[in-house]
Amino acid sequence: MPKPADQLRNVALVGHRGAGKTSLHEALLFEAGVVNRMGSVSDASTVSDADEDEQARQMSISATLSSFEWEGRRINLIDTPGEPSFVADALGSLRVCESAVFVVNAVMGVEVSTVRLWERAQELDLARLIFVNMLDRERADFFRTLESLQSAFGNHVVATEIPIGSEHELRGLIDLIDMKAFSCEGDGRANATEIPIPDELAAQAQEYREKLMDEVAENSDVLMERYLEGEEISHQEIVEALKDGTNHGNLFPVTCGVATRNFGIGRLLDAFVEDLPSPVKHGGLALGEMTLEPDPDAELFAYVFKTRADPYAGRINLFRVYQGVMRHDSHVVNTRVGAKERIGQLLVFEGKETHQTDAFGPGDIGAVAKLKETKAGDWLAASAQSVDMPAIRLPAPVMAFAVNPKAKGDEDKVFTALRRLQEEDPTIDLHRDPQTGDQIVAGLTQVHVEVIVERIKQRFGAEVELKPPRVPYQETIRGSAKAHGRHKKQSGGRGQFGDCHIEIEPIAGGEGFEFVSRIKGGAIPGSFIPAVEKGVVDAMAHGVVAGYPVKGVRVTVFDGQYHTVDSSEIAFKLAGSMAMKQALERAGSVLLEPIMSVTVSVPEDSVGDVIGDLNSRRGRPLGMEGSGAMTEVKAEAPMAEMLSYAPDLRSITGGQGEFSMEFARYEEVPAHLASKVVEQARDGQEAVRS
Ligand SMILES: Nc1nc2c(ncn2[C@@H]2O[C@H](COP(=O)(O)OP(=O)(O)OP(=O)(O)O)[C@@H](O)[C@H]2O)c(=O)[nH]1
Ligand SMILES: [Mg+2]
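Residues numbered from 1 in each chain as written. Chains lettered and ligands numbered in written order. Predicted model: local features only at pLDDT ≥ 70, side-chain atom pairs only at ≥ 80, totals over all residues. Heavy atoms only, no water.

Here the focus is the overall build of the chain. A count of helical and extended segments in the chain gives 18 helices and 36 strands. Across its three principal directions, the C-alpha atoms of the chain cover 105 × 60 × 55 Å. For the chain, the share of sequence-separated contacts (at least 6 apart) that also reach a separation of at least 24 residues comes to 73%. Averaging the coordinates of the 72 positive side-chain charges in the chain and doing the same for the 106 negative ones gives two points 10 Å apart. (Helix = DSSP H or I, 4+ residues; strand = E, 2+ residues; numbered from the N terminus. Contact = heavy atoms within 4.5 Å. Lys, Arg positive; Asp, Glu negative; His and termini not counted. Charge placed at Lys NZ, Arg CZ, Asp CG, Glu CD.)

Here it is in structure tokens:
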């Protein structure tokens, strides 16, 4: 029997890289009794981060789903990666959950990814809890972290508990709802050892209790009145109001603890049940004209949010049922391809163990093995449908590398591996370089592409070499010009003859290509015009400045000649190409380079150095913004100057800085640098740095 939807909780653990999500996931499983030994990230023994490369890098790369029972509820918990290179999994997971737990490092406070993911959770209207982790670390400060949360996300962020002591002197916490203190001694499961509230914290606890009560009262008119009149408000009433506020996104409770010491975890689990909404509470999913309701008797609709190419189990798809029931041994339709898929094994991941199950009801999250065509982003439905759901906005893959197999003959293997990995990760782009014919892999960051290479080796047994990222230069024209192309050959029998006159001019904005025919009186027969266009397009693949593709040109063919016997498509194509080459020479062709928008997040004291360095890279700083311990510097800079940024930023900031960048637009390469690009293109070199 599928679990009724009102007894489910779908929770994504999200946050900045290294905040402790995977450790928290482990502690939650331990606390719930799913595993009987708590693994650790440093020993590579956690349930999540089970992949070799996750363990080697000590970071999550893929989302991990675990399902377990707690107080009669079934909790589907998804650990997500914090590293921006793997943001697709974090965003996909947020899509299918009603709730998110934001894990925040008590040393760092709010960080770049905390803010980015919060915005997404806001758009999706998710209930949010915040867990301030790492209270035991040196320089941890719960109260400073709470302030950074409130300044980033507003005053509805409110503590429901505060720690007693900090760093290595952390002794316990005070529950602000019941005004009781608990010690953190013992093995963790004994969190409930009550101790008296230390005298020196009594006033502070009272202050934070009042802040909590102000927020609670604001969520209920009745409570507000009684609160203002000084009446006592019961535990149950506070909990109800908290739940109501959290469910409606009006209030964000903050709890705290130490994931690696299983401190504060049982309380967080209770908060899942008490404060977070079930799929029923959260309401149906509106998709264009239709709304999917968590009704087991209605037609099935399930959304696939993650695909894994498992070396042993084959392809596994993780899905969320929005309506109806997903049953094993049934047939469903993949609405994207319009084909049937047979649902064989349905899987539940419970800690390190995987079980089979018969069915997943509405609101539930589960896994299915061995579907043929289905991948992340697809809908599985009872019948053929068109499902209209806006795609998840993902950053553009801009870090492009050429990959070549180390061993001759491995080309097919590598290509298959890349295709499979791309099914798992929509932020991988694969294409051939039109100039060199190289296989290009583009990802979000250098780390992203390095992980792809590792996976090709580990999972598919092929080693590849990466060539340094290439800058995708382009060419365009600044003026207009006319040119004439004639292809004529007489060799024995039938000759070849094609002749055209064209004019070219720039298209405002430097994008695109237009081809117009103004041939009058049949100077070139209509049937040969497309051949002229083909020739023009061929010539545009390799511009006259440095052989890069030409964009932003309107081409008009206005005159020509033909011969009834000797004219042919090939002859007009060649004439078109010749005319275009000449026109590009005459029209003042220039070289364009991609400009990136860059966001660098650094500790305040390295802001000056970072801006100085960006200036030396032809960068233009656009502004700064402080958030918690870090300052965000926004700038624009040419891609060519940013290829080696990661290691340089690391050394400028002592490893503290982070950055992300995405493509903004093309701009003309300054003349003194253009000649270098031309020279190096001529020498066959790929990458250029001034
Ligand atoms: N002292 C201390 N260390 C912690 C705590 N939580 C996690 N750590 C350590 O911090 C490091 C990062 O923890 P993870 O759990 O991998 O963090 P994460 O958020 O999953 O990281 P990503 O998956 O890369 O985003 C690991 O070495 C953990 O052992 C904590 O509460 N206290
Ligand atoms: Mg992790």
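There's plenty left to go through after this.
On the protein side, the magnesium ion (ligand 2) has Thr 22 (OG1) and Ser 60 (OG) as donor atoms, found 2.0 Å from it. With Thr 22 in helix 1 (residues 21–31) and Ser 60 in the loop between helix 2 (52–57) and strand 2 (64–70), this pair connects stretches of sequence that are 38 residues apart. As far as the burial class goes, Thr 22 and Ser 60 line up, both buried. (Donors = N, O, S within 2.8 Å, 3.2 Å for Na, K, Ca; no water. Buried < 20%, exposed > 50% of the residue type's maximum accessible area, 1.4 Å probe, protein only.)

Reading across the sheet, the 4 strands line up as 29-30-32-31 and stay open at both edges, with mixed pairing between neighbours. Two strands lie at the open edges of the sheet, namely strand 29 (481–489) and strand 31 (513–517), each paired on one side alone. Here the average twist between neighbouring strands, direction ignored, is 25°. Summarising the sheet, strand 30 (residues 496–506) and strand 32 (residues 553–561) pair through 8 bridges and their orientation is antiparallel. Bridge pairing links Ile 504 to Val 555 in strand 32. Together, strand 30, strand 31 and strand 32 form the strand contacts of helix 13 (residues 529–540), whose direction differs from that of strand 31 by roughly 150°. (Pairing = 2+ DSSP bridges. Axes fitted to C-alpha atoms, helices over the stretch in contact; angles between N-to-C directions.)

Inspection of the secondary structure assignment puts Ser 148 in helix 5 (residues 142–153). Classification of Ser 148 as buried rests on a relative accessible area of 9%.

Here the focus is the nonpolar core. If you look at soluble globular proteins, the nonpolar side chains tend to sit buried side by side. With 78 residues, the main nonpolar core has Ile 130, Val 132, Phe 142, Ile 162 and Trp 379 as its most contacted residues. Dropping the residues within four chain positions of it, Ile 130 is found in contact with Phe 102, Val 104, Trp 118, Leu 149, Val 157, Phe 252, Pro 253, Val 254 and Thr 255. The next biggest cluster of nonpolar side chains, apart from the first, holds 32 residues, and it includes Val 598, Val 607, Ala 637 and Tyr 645. (Core = buried A, V, L, I, M, F, W, Y, C linked by side-chain atoms within 4.5 Å.)

With that out of the way, let us pick up the confidence of the model for the chain. In the predicted model, the chain carries a mean pLDDT of 90, and the fraction of residues at 70 or more is 97%. Confidence drops under a pLDDT of 50 for residues 685–690, and excluding neighbours within four residues, the segment shows 19 contacts in the predicted structure. (pLDDT = per-residue confidence, 0-100.)

Lining the immediate environment of ligand 1, one finds 18 residues, of which Arg 17, Gly 20, Lys 21, Ser 23 and Ser 60 sit closest. Between an oxygen atom of ligand 1 and a main-chain N or O atom of Gly 18, the distance comes to 3.0 Å. The side chain of Thr 22 places a nitrogen or oxygen atom 2.8 Å from an oxygen atom of ligand 1. For ligand 1, the protein covers 88% of the area, taking 650 Å² as the surface of the free molecule. If you tally residues by element for the shell around ligand 1, the top one is helix 1, at 3 residues. Looking at the shell around ligand 1 residue by residue, the class counts come to 6 nonpolar, 8 polar and 4 charged. (Near = heavy atom within 4 Å. Polar contact = N/O pair within 3.5 Å; in protein donor to acceptor, adjacent residues only side chain to side chain. Areas by Shrake-Rupley, 256 points an atom, 1.4 Å probe, with all protein chains shown as cover. Nonpolar A, V, L, I, M, F, W, Y, C, P; charged D, E, K, R; others polar.)

Pairing is mixed across the open sheet formed by 7 strands, whose spatial order is 2-3-1-4-5-11-6. The sheet terminates laterally at strand 2 and strand 6 (157–159), the two strands that pair on one side only. On average, adjacent strands in this sheet sit at an angle of 25° to one another, irrespective of strand direction. Set on the sheet, helix 5 makes contact with strand 4 (99–105), strand 5 (127–133), strand 6 and strand 11 (252–256); between it and strand 6 the angle comes to about 160°.

The subject of this paragraph is the pattern of salt bridges. Enumeration according to the criterion identifies 37 salt bridges in this entry. Across the pair Glu 123 and Arg 393 runs a salt bridge, and its minimum N-O distance is 3.1 Å. Of this pair, Glu 123 sits in helix 4 (residues 112–123) while Arg 393 is found in the loop between strand 23 (379–381) and strand 24 (399–405), placing the two residues 270 residues apart along the sequence. We classify Arg 393 as partly exposed; its relative accessible area is 48%. In this structure, the salt-bridge partner of Glu 636 is Arg 620, at a minimum N-O distance of 3.8 Å. Residue Glu 636 is located in strand 35 (residues 630–638), and its partner Arg 620 is located in strand 34 (residues 620–627); the two are separated by 16 residues in the primary sequence. Judged by relative accessible area, Glu 636 falls into the buried class, the value being 14%. Taking relative accessible area as the criterion, Arg 620 reaches 35% and is therefore assigned partly exposed. Here the residues in one salt-bridge network are Asp 51, Asp 53, Arg 308, Glu 424, Arg 455 and Arg 459, joined through shared partners. (Salt bridge = Lys/Arg side-chain N within 4 Å of Asp/Glu carboxyl O.)

Now for the packing of helix 1 against helix 9 (residues 265–275). The geometry of helix 1 relative to helix 9 is characterised by a closest axis approach of 9 Å and an angle of 85° between their N-to-C directions. In terms of orientation, helix 1 lies roughly perpendicular with respect to helix 9. Where helix 1 approaches helix 9, its residues Leu 24, Ala 27, Leu 28 and Glu 31 are matched on the opposing element by Ile 265, Gly 266, Leu 268, Leu 269 and Phe 272. Across the contact of helix 1 with helix 9, the residue classes tally to 7 nonpolar, 1 polar and 1 charged. (Parallel < 35°, antiparallel > 145°, perpendicular 65-115°, else oblique.)

Here we take up helix 5. For helix 5, spanning 12 residues, the distance from its first C-alpha to its last is 16 Å, which sits close to the expected 16 Å at 1.5 Å a residue. Those residues of helix 5 that sit buried are Phe 142, Phe 143, Thr 145, Leu 146, Ser 148, Leu 149 and Phe 153. With a side-chain oxygen positioned 3.0 Å from the backbone nitrogen of Phe 143, the residue opening helix 5 is Asp 141. Two residues or fewer past helix 5, Gly 154 is found with a positive phi of approximately 95°. (Expected span 1.5 Å × (residues − 1).)

Positive phi, close to 55°, is recorded for Gln 58, a residue that is not glycine. Its location among the elements puts Gln 58 in the loop between helix 2 and strand 2. Take Gln 58: its relative accessible area is 35%, and that puts it in the partly exposed class. Positive phi, normally seen in glycine, also occurs at Arg 618, with a value near 60°. Along the chain, the position of Arg 618 falls in the loop between helix 15 (607–616) and strand 34.

Mapping Arg 327 onto the fold places it in strand 16 (residues 326–327). With relative accessibility at 45%, the residue Arg 327 sits in the partly exposed group. Taking C-alpha positions, Arg 327 is 53 Å from Gly 654, a pair spaced 327 residues apart along the chain. Beyond its immediate chain neighbours, meaning those up to four positions away, Arg 327 contacts Ile 343, Leu 346, Asp 358 and Ala 359.

Turning next to the environment of Arg 432. Its place among the elements puts Arg 432 in strand 25 (residues 429–432). By relative accessible area, Arg 432 is classed as exposed at 51%. Sequence separation between Arg 432 and Ala 402 is 30 residues; the distance between their C-alpha atoms is 8.8 Å. When sequence neighbours within four positions are dropped, the list of residues in contact with Arg 432 reads Gly 437, Asp 438, Gln 439 and Ile 440. Reaching out from Arg 432, the side chain makes a polar contact with the side chain of Gln 439 at a distance of 3.5 Å.

What follows covers a nonpolar patch on the surface. A cluster of nonpolar side chains, Ile 570, Leu 574 and Met 578, forms an exposed patch at the surface whose accessible area comes to about 250 Å². As for its placement among the helices and strands, Met 578 is situated in helix 14 (residues 569–586). (Patch = residues over 30% accessible without salt bridge, like charges linked within 9 Å, V, L, I, M, F, W, Y side chains within 5 Å.)

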